[in-house]
Amino acid sequence: MLSIALLGAGRIGQIHGRAIALSPRARLAAIADPFADNARSLSHETGAPVMDADAVFADPAIDAVLIATPTDTHADYIDRAASQGKAILCEKPVDMSAARIAATLERVAKAAVPLMVGFNRRFDPNFAVLRRRIGEGVVGDVELVTILSRDPAPPPVSYIERSGGLFRDMMIHDFDMARFLLGEEIVELQAMGSALVDPAIGAAGDVDTAVVTLKTASGKICQISNSRRATYGYDQRIEVHGSKGMLSAGNVHETTVRFAGISGVTADPVQNFFLERYAAAYRAEVEAFIDAVETGTAPSPSGFDGLKAQELADAATEACFSGRPVRL
Ligand SMILES: NC(=O)c1ccc[n+]([C@@H]2O[C@H](COP(=O)([O-])OP(=O)(O)OC[C@H]3O[C@@H](n4cnc5c(N)ncnc54)[C@H](O)[C@@H]3O)[C@@H](O)[C@H]2O)c1
């Protein structure tokens, strides 16, 4: 039974805390969050004690920490956990600075503790099968990957201003998915973006509509399409085209009920919220972390995956605002 403490019990922390508490192979050993209401509500639901973060790190009975705090605290908490020999599952991104991520990873490697980064989409049941089929050779040689990832509505501009921009805040998940599906590193990218959804996002120096094209050393190409608005819900689709055919994963709808009539066929809306759309993925992610720690295998996605996604986000930001391709 792995004893895992949760650091940060906000939006995503509540989801992770419940997944740990429900796992038959783990114990939610503690919840640390200075915002007492969040910590208390999860404690009430799961029976796990509320603890100070210092007490979590000092407690030798705690094997691992799940870091779901604001991004600017991640690197410090990773360092503290590593120095106490605790396994780490850290929400994405590890940090906004790729240089700081690289330095943090060096210390984690020296401490020889497992570190997994929360790119939950790899654990989505549909995308996980898509990846497995690529590995089985179903589409032959992968040539073109298309990732469509659109949020139902933009967050408040106050959030955008602190987010690091669309490429680091939103497309980072798609950069990780691109690497996951292509199985090769990206060597070149091009980016284009506009503020079409809300001019205030443009005024804040960001874009809300963007396309990035990625190329690997062997010439495989991936196109990512992001929008901060989709009138029909949370739009999450992937297509993988190769020498033997094409694999695709479509949207998940609120129900499977369809209406067929004289003017066509209609379906219920696409699920609208990431916490709902990726509920199964978040649970599977925590189980994969427990697996890795229990079996002593390297966790995946790794800290290196976190670094590569951040480098791609930085490069896409540069390409978008300079109008020039970026080589990596
Ligand atoms: N993988 C995903 O799908 C996904 C989705 C949402 C958020 N995230 C990431 O998760 C992190 C948290 O995002 P969120 O939306 O849950 O934020 P949030 O603001 O809802 O929650 C953060 C919580 O951390 C607490 N906190 C702040 N400082 C702390 C500290 N020093 N120690 C312990 N707790 C502290 C806050 O009180 C709050 O309860 C961010 O890094 C974000 O990028 C990932």
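Residues numbered from 1 in each chain as written. Predicted model: local features only at pLDDT ≥ 70, side-chain atom pairs only at ≥ 80, totals over all residues. Heavy atoms only, no water.

Undergrad: An account of the site of the ligand is requested, with residue identities and associated values reported.
TA: For the ligand, the set of nearby residues contains 24 residues, the closest of which are D33, N38, T71, Y77 and Y282. Within the backbone of R11, a nitrogen or oxygen atom sits 2.9 Å from an oxygen atom of the ligand. At 3.0 Å, a side-chain N or O of N120 approaches a nitrogen atom of the ligand. For the ligand, whose unbound accessible area comes to 850 Å², protein coverage reaches 78%. Put simply, the parts of the chain that give the shell around the ligand at least two residues each are α1 (11-22) and α4 (74-83). A per-class count over the shell around the ligand returns 11 nonpolar, nine polar and four charged. (Near = heavy atom within 4 Å. Polar contact = N/O pair within 3.5 Å; in protein donor to acceptor, adjacent residues only side chain to side chain. Areas by Shrake-Rupley, 256 points an atom, 1.4 Å probe, with all protein chains shown as cover. Helix = DSSP H or I, 4+ residues; strand = E, 2+ residues; numbered from the N terminus. Nonpolar A, V, L, I, M, F, W, Y, C, P; charged D, E, K, R; others polar.)

Undergrad: I'd like to hear about helix α9 (residues 172-182), residue by residue, with values.
TA: α9 sits mainly inside the fold: 11 of its 11 residues count as buried. Turning to α9, its buried residues number three or more, namely I172, H173, D174, F175, D176, M177, A178, R179, F180, L181 and L182. Of the residues one or two after α9, G183 is the one with positive phi, at around 65 degrees. (Buried < 20%, exposed > 50% of the residue type's maximum accessible area, 1.4 Å probe, protein only.)

Undergrad: How would you explain the packing of α4 against helix α5 (residues 98-111) if you had to name every residue and give the values?
TA: The geometry of α4 relative to α5 is characterised by a closest axis approach of 9 Å and an angle of 10 degrees between their N-to-C directions. Of the possible angle classes, the one that applies to α4 and α5 is roughly parallel. Here A75, D76, I78, D79 and A82 of α4 come into contact with α5, specifically with R100, T104, R107, V108 and A111. Classifying every residue of the contact of α4 with α5 by side-chain character gives five nonpolar, one polar and four charged. (Axes fitted to C-alpha atoms, helices over the stretch in contact; angles between N-to-C directions. Parallel < 35°, antiparallel > 145°, perpendicular 65-115°, else oblique. Contact = heavy atoms within 4.5 Å.)

Undergrad: Can you break down the nonpolar core residue by residue, with the values?
TA: Judged by nonpolar contacts, the single largest core of 96 residues is most densely connected at I88, F167, F175 and V240. At eight residues, the largest contribution of residues to this core is made by helix α13 (residues 303-322). No fewer than three residues from each of domain 1 (2-113) and domain 2 (122-281 + 308-327) sit in this core. Excluding residues within four positions of it along the chain, V240 makes contact with L130, I134, V139, V142, L144, V145, L181, G245, M246 and L247. (Core = buried A, V, L, I, M, F, W, Y, C linked by side-chain atoms within 4.5 Å. Domains from an automatic or database assignment.)

Undergrad: How would you summarise the sheet that holds strand β5 (residues 115-118) if you had to cite specific residues and measurements?
TA: Strand order in the open sheet formed by five strands is β2-β1-β3-β4-β5, and the pairing between neighbours is parallel. The open sheet has two edge strands, β2 (26-32) and β5, and neither has a second partner. Averaged over all adjacent pairs, the angle separating strand axes in this sheet is 20 degrees, with direction ignored. Where strand β4 (residues 87-91) lies against β5, four bridges are found, and the strand directions are parallel. Residue pairing for β5: E91 is matched across the bridge by G118. (Pairing = 2+ DSSP bridges.)

Undergrad: Quick rundown of the environment of D176? Include the residues and the values.
TA: Its place among the elements puts D176 in helix α9. For D176, a relative accessible area of 1% puts it in the buried group. Separated by 112 residues in the primary sequence, D176 and A288 place their C-alpha atoms 17 Å from one another. With residues near it in sequence (within four places) discarded, D176 still touches F119, R122, D305 and A309. Side-chain polar atoms of D176 contact the side chain of R122, separated by 2.8 Å.

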